[in-house]
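Results of the structural survey
Take a look at the letters that make up each chain.
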Amino acid sequence: MKVSTLPAMDAHRLRPLVEAFVWPLIFFNTCDDNTLDPDVAVQQMEQIGAILQPLDPELKALVMHIIHEIAQDETQPDVRACLQELPDGLGWLAGDEPLETP
């Protein structure tokens, strides 16, 4: 994955914006059927993915880098796994493996 050439400060400043769509995606992906109808969850995840799809490759790389950082900070294994698979779920990895955290 190519890490953006944007200044590191931009990644730091963008993290709250990335988290603003990441955490709803994690919720939609991990909530049980009694909390939210699965069809509604899928519809919402697809809508968020469609909104993000037109981002240019450099910005997508930066967002993936931030998601990777969020995954590294996460202590819940199931949430970490969702975070690691998120770029692939958004169609951004084009067949690559999900992000892995050390």
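Numbering of residues starts from 1 in each chain and follows the order in which that chain's sequence is written. In keeping with the predicted nature of the model, local features appear solely for residues at pLDDT of at least 70, side-chain atom pairs appear and are counted solely at 80 or more, and the whole-chain, interface and lining totals rest on all residues. Only heavy atoms go into the side-chain values, all of them from the structure, while hydrogens and water stay out.

**Regarding the confidence of the model for the protein**
Chain-level statistics for the protein give a pLDDT mean of 83 and a share of 82% at 70 or above. Per-residue confidence from the predictor is reported as pLDDT, which spans 0 to 100. In what follows, a contact means two residues having at least one pair of non-hydrogen atoms within 4.5 Å. Low confidence marks residues 95-102, where pLDDT is under 50. Its contacts with residues over four positions away, or in another chain, come to 19 contacts.

**Considerations on the pattern of salt bridges**
Whenever Lys or Arg places a side-chain nitrogen within 4 Å of a carboxyl oxygen from Asp or Glu, that contact is recorded as a salt bridge. In this structure the tally under the stated criterion is two salt bridges. In this structure, Arg15 and Glu19 form a salt bridge, with 2.7 Å as the shortest nitrogen-oxygen distance. Here Arg15 and its partner Glu19 are both found in helix α1 (residues 8-30), four residues apart, which amounts to about one turn of the helix. Relative accessible area serves as the criterion here: at 24%, Glu19 is assigned to the partly exposed category. The structure contains a network of salt bridges with shared partners spanning Arg15, Glu19 and Asp73. Numbering of helices and strands runs from the N terminus, with a helix taken as a DSSP run of H or I at least four residues long and a strand as a DSSP run of E at least two residues long. Three labels apply to residues, based on accessible area from a 1.4 Å probe with only protein chains included: buried if under 20% of the type maximum, exposed if over 50%, partly exposed otherwise in between.

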